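# What the coordinates show
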Amino acid sequence: MPNVLLADRFSAAPMVDVTTSLFRQLCRLMTKQAMLYTEMIAADAIVHGKLHLIDYDDVELPLTLQLGGNEPHKMAQAAREAERLGYSAVNINAGCPSDKVQQGAFGAVLMKDLPLLTAIYQEMQSAVSIPVTVKTRIGVDDLDSFDFTFSLVSTLYEAGVRHLILHARKAWLNGLSPKENRTVPPLDYPRVYALKSMFPDLYLTINGGITTIEQCEEQLTHVDGVMLGRALIDDPYLLASVDSRIFGVREQVKSRAECFAAAVELADKLCSQGIALHHFARHLLGFFAGIPGARAYRRYLSDNMTKLGADARVLEEAFALVRLPADGAESK
Ligand SMILES: Cc1cc2nc3c(=O)[nH]c(=O)nc-3n(C[C@H](O)[C@H](O)[C@H](O)COP(=O)(O)O)c2cc1C
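Below you will find a few notes about this structure. (Residues numbered from 1 in each chain as written. Predicted model: local features only at pLDDT ≥ 70, side-chain atom pairs only at ≥ 80, totals over all residues. Heavy atoms only, no water.)

Time to look at the overall build of the chain. Along the backbone of the chain there are 14 helices and eight strands. The C-alpha atoms of the chain give a radius of gyration of 20 Å, which matches the 20 Å a tight globule of 332 residues would have. Counting the 332 residues in the chain, one finds 54% classified as buried. Looking at the chain alone, contacts between residues at least 24 apart form 72% of all its contacts between residues at least 6 apart. With 33 positive and 39 negative side-chain charges, the chain shows a separation of 3 Å between the mean positions of the two kinds. (Helix = DSSP H or I, 4+ residues; strand = E, 2+ residues; numbered from the N terminus. Rg over C-alpha atoms; globule rule 2.2 N^0.38 Å. Buried < 20%, exposed > 50% of the residue type's maximum accessible area, 1.4 Å probe, protein only. Contact = heavy atoms within 4.5 Å. Lys, Arg positive; Asp, Glu negative; His and termini not counted. Charge placed at Lys NZ, Arg CZ, Asp CG, Glu CD.)

Attention now goes to the nonpolar core. Core analysis: the biggest nonpolar cluster contains 106 residues, and F10, I92, L284 and L301 have the highest contact counts within it. With seven residues, the top contributor of residues to this core is helix α11 (residues 256–272). Of the domains in this structure, domain 1 (6–245) and domain 2 (256–319) are the two that each give at least three residues to this core. Every residue in contact with F10, bar those within four places of it in the chain, is listed here: A34, M35, C216, V226, L228, L238, L239, V242, I246 and F247. In this structure, A7, M35, I165 and M227 belong to the second largest nonpolar core, which totals six residues. (Core = buried A, V, L, I, M, F, W, Y, C linked by side-chain atoms within 4.5 Å. Domains from an automatic or database assignment.)

Moving on, we get to the pattern of salt bridges. Any two side chains of opposite charge can pair, on the condition that their charged atoms come close. Counted under the stated rule, the structure contains 13 salt bridges. A salt bridge links R191 to D188; its shortest N-O distance comes to 3.4 Å. The network of salt bridges with common partners includes D44, E71 and K74. (Salt bridge = Lys/Arg side-chain N within 4 Å of Asp/Glu carboxyl O.)

This part is about a negative patch on the surface. Residues E265, D268, E316 and E317 make up a contiguous surface patch of negative charge. Contributing elements (two or more residues each) for the negative patch: α11 and α14 (312–319). Relative to the helices and strands, E317 resides in helix α14. On the basis of relative accessible area, E317 is assigned to the partly exposed category, the value being 38%. (Patch = residues over 30% accessible without salt bridge, like charges linked within 9 Å, V, L, I, M, F, W, Y side chains within 5 Å. Areas by Shrake-Rupley, 256 points an atom, 1.4 Å probe, with all protein chains shown as cover.)

Turning next to the pairing of strand β2 (residues 35–42). The buried count for β2 comes to six of eight residues, which makes it a mostly enclosed element. Two elements, strand β1 (residues 10–12) and β2, share two bridges in a ladder whose sense is parallel. Counterpart to S11 in the pairing with β2 is M35. In terms of handedness, the path from β1 via helix α1 (residues 21–28) over to β2 forms a crossover that is right-handed. Bridging between β2 and strand β3 (residues 63–68) involves five bridges; their strand directions are parallel. If you follow M40 over to β3, its bridge partner there is Q66. (Pairing = 2+ DSSP bridges. Right-handed = clockwise from strand over helix to strand, strands pointing away.)

Across the interface, helix α3 (residues 72–85) lies against helix α5 (residues 114–127) with an axial gap of 8 Å and an inter-helix angle of 35 degrees. As for how α3 packs across α5, the hand of that crossing is right-handed. Seen from α3, the contacting residues are P72, H73, M75, A76, A79, R80 and E83; seen from α5, they are L116, A119, I120, E123, M124 and A127. The class makeup of the residues in the contact of α3 with α5 is nine nonpolar, one polar and three charged. (Axes fitted to C-alpha atoms, helices over the stretch in contact; angles between N-to-C directions. Left-handed = near helix turned anticlockwise from the far one by under 90°. Nonpolar A, V, L, I, M, F, W, Y, C, P; charged D, E, K, R; others polar.)

See the structure below:
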């Protein structure tokens, strides 16, 4: 199957202000196999030379750059930069409903202009040899019937798209905030499964509302890939089971405490490079979710990580407030 990377079986969703390079480096302490995504980056910014926005560390690979934009030549130019810099793939954002994105007439708006979306895809894919993929939803506003989703998928398929990420709910462009657009429109997984059976050689990744490894395993009996977003903010430790459970790597799953120790080591390295602790440590606020002491840990960390001169010791002090089960049974 062309245009498909093994890593796409499990991916960490693109999330603005979350999936920064530092977050991705944290992810890599727990999974070597999963596909990671950048935040959405405007193609315009890349074309105007703001390449610092797409800096990454080699440990983050495999890594997909998600692009926002609606001008085929700029999207293609940005894709070329991504390929030159060594990104594994580029992804077109055709699902984001935020006001800013709507004003720029890209994101979810592109679902209303399929000729433009396919023109963007085709110009990008002819500019690069890395895969160009599309992340979208099953509908937008009143365009929410099965027939609409079918025409969206078949149009993209005919244009050459071979990896599609479907957030299994529609977007409402007027009246709902981006946050509401991730909860209010109902999820419709069966629609995504139906499309997979109609397009067997389209690599289909499902996204939306998946929160556990067990759910990932179940989803993968219907589709090719799973993509998780908010669950990784709430509990990034979920990633520690991905390589063994999703990719079949024979290895002992690292305990939460072992992963946290690796994160402290990384924090130490980053601080010695002059990076303020909180840029990294904010991604660890949910690290002990559901474990006794988690609230005290979280409070201590958020109160202290932004203080002048804060370093990795703040993480160790916060960790001292957590009461992990003695036998490592917290691994899941
Ligand atoms: C804080 C935040 C920022 C997001 N930013 C992006 C983005 O830049 N590009 C994108 O395609 N989706 C973005 N999303 C949507 C997620 O990629 C994902 O589609 C959505 O959260 C549903 O998946 P989940 O239920 O696993 O979280 C964002 C979601 C969140 C919570």
